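What follows is the residue order along each chain.
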Amino acid sequence: MKVVGITLSLLIVFTLITPLVAIIHAETPQPPNEPVTTEEPPRDMPVFEFRGWGRIRTSIIFNMDFNEVLEFAYTIRNITYPLYEWELQYNVTAANVSMRLGDRFLERALNTSSEQPHRAKVYAYAAAIHYSHIPVYAHPVLGEVVRSNLGENETITEETVKAVINVSSELKNIVLNAVDYASSKGYNTTLVVKVIEWADEKLENATTTLEGGNTTLAFRLAVWAYRGYVRAYTTLVKTVFVQFIKTTYENLVEPREEVVRKAIEALPARVRETIKAKIQMGEVKSMRELVEKYKEEARKIREQIHEREKQQLKEVVMSKIRELRRSNPRVNIPDQEIEKIIGEYWGKGYRGLELARKVISAIEEKLREQGFRGPLFPGFRK
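Reading the values: the criteria
Residues numbered from 1 in each chain as written. Predicted model: local features only at pLDDT ≥ 70, side-chain atom pairs only at ≥ 80, totals over all residues. Heavy atoms only, no water. Salt bridge = Lys/Arg side-chain N within 4 Å of Asp/Glu carboxyl O. Helix = DSSP H or I, 4+ residues; strand = E, 2+ residues; numbered from the N terminus. Buried < 20%, exposed > 50% of the residue type's maximum accessible area, 1.4 Å probe, protein only. Axes fitted to C-alpha atoms, helices over the stretch in contact; angles between N-to-C directions. Parallel < 35°, antiparallel > 145°, perpendicular 65-115°, else oblique. Left-handed = near helix turned anticlockwise from the far one by under 90°. Contact = heavy atoms within 4.5 Å. Expected span 1.5 Å × (residues − 1). pLDDT = per-residue confidence, 0-100.

A. How the structure looks around the pattern of salt bridges. Applying the stated criterion to the full structure yields 13 salt bridges. Lys172 is the partner of Asp200 in a salt bridge, and the nearest nitrogen-oxygen pair spans 3.3 Å. In this pair, Asp200 is assigned in helix α9 (residues 190–211) and Lys172 in helix α8 (residues 158–184), connecting sequence segments 28 residues apart. Residue classification places Lys172 among the partly exposed positions, given a relative accessible area of 23%. For Arg322, the salt bridge is made with Asp335, and the minimal N-O distance between the two is 3.8 Å. In this pair, Arg322 is assigned in helix α13 (residues 287–327) and Asp335 in helix α14 (residues 335–347), connecting sequence segments 13 residues apart. Here Asp335 falls in the partly exposed class, since its relative accessible area comes to 30%.

B. Up close: unusual backbone geometry. With a phi angle near 65 degrees, Asn91 is a residue other than glycine that sits in the positive phi range. Here Asn91 shows up in the loop between α4 (66–89) and α5 (95–112). Although it is not a glycine, Asn153 adopts a positive phi angle of roughly 60 degrees. Among the secondary structure elements, Asn153 is positioned in the loop between α7 (139–148) and α8. Taking the relative accessible area as the measure of exposure, Asn153 reaches 75% and is therefore exposed.

C. Quick peek at the packing of α5 against helix α6 (residues 117–131). Put simply, α5 and α6 touch, their axes get as near as 8 Å, and they point 160 degrees apart. As the angle between them shows, α5 and α6 are arranged roughly antiparallel. When you trace α5 past α6, the crossing you get is left-handed. For the pair α5 and α6, the contacting residues are Ser98, Met99, Leu101, Gly102, Asp103, Phe105, Leu106, Arg108, Ala109 and Thr112 in the first and Pro117, Ala120, Tyr123, Ala124, Ala126, Ala127, His130 and Tyr131 in the second.

D. The arrangement of α5 in detail. Counted at 1.5 Å a residue, the expected span for α5 with its 18 residues is 26 Å, and the 26 Å between its end C-alpha atoms agrees. Of the residues making up α5, those classed as buried are Ala95, Ser98, Met99, Gly102, Phe105, Leu106, Ala109 and Thr112. Next to the buried residues of α5 lie α4 and α6.

E. Summary view of the confidence of the model for the protein chain. In this model, the protein chain carries a mean pLDDT of 75, and residues with pLDDT of at least 70 account for 71%. By mean pLDDT, the top-scoring element of the protein chain is α8 (92), and the lowest-scoring one is helix α1 (residues 20–27) (37). Residue range residues 1–58 is modelled with pLDDT below 50. Its contacts to residues more than four positions away, or to other chains, number 122 contacts. Taken as a whole, residues 252–260 scores under 50 in pLDDT and shows twelve contacts with residues more than four places along the chain or in a different chain.

Set out below in structure tokens:
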């Protein structure tokens, strides 16, 4: 049985709490006997938020060799650096921030790798994240080109469209080189190529439409093409990130299957057998599903325990009241009243010892009204 995507820390043994009534009895004398559109590039690409990945996947990075993380950071840098240089040629200096931060983190990674390897891995990964922001700054390039080639009264002319077509072609060449580099490093770029093909079609149509004299539509198609190439670049970076994490994760999971199996065996029998059955039936196929099933089964057990505690608390309190009634006829709290008190605090969300404290305190208050002054359960700590 192969368990995909589970970490040992998420399979801690669920410890059943000591029944509440056992605590009361231990301290008290026992009574006897008791969709894709035509206007946008394809969007069927991995959803990816770099901050989220950076935060969530740090534990995976710790289990990797530093050189692997370092090589990944350099891969992202090599993919994005030509685009960064191209953006600077169009006076888009905002990309300097991401590149500078990436280089700074990369330098920190190299400087701390020998003495603080864990920190160095995080630094290298952070550098890759900063480098990955570079494609975003390609958007201002388009704005700069359009503004520089508008006609009189800032109108879109044939020259404006030609400028957008030219800058789109430049971006296309850069992204194609980046794709070749990523492919040479073993990354699957099929999805990126599809986005590029979409942009190529728009670029070709823009040229044809411009030759036909429709400047407005040609401009629109050229802009779509440019944005398609930007999206292709963004998709390439995301794809490399996703594949790197996925490959790394799978490599880490395989050697741990025996550890995971032992961890599952350490679970309470009911949880263990339920989770095993769901894995075998194919209902659990990922880390998220496995953890959710584990939490669900643990929650059911907690609810059953609390329900059993509630019933036992009711029985113990009723038994104690009957015992007091035998020695003190003034004591008169009907069983229905006890059930009502327990139900009231149960409905307010009290469970376990907190429920017992609230119920016992309320019962003792009513007993005081009937002349009983002692504690209901001597030795029970409130």
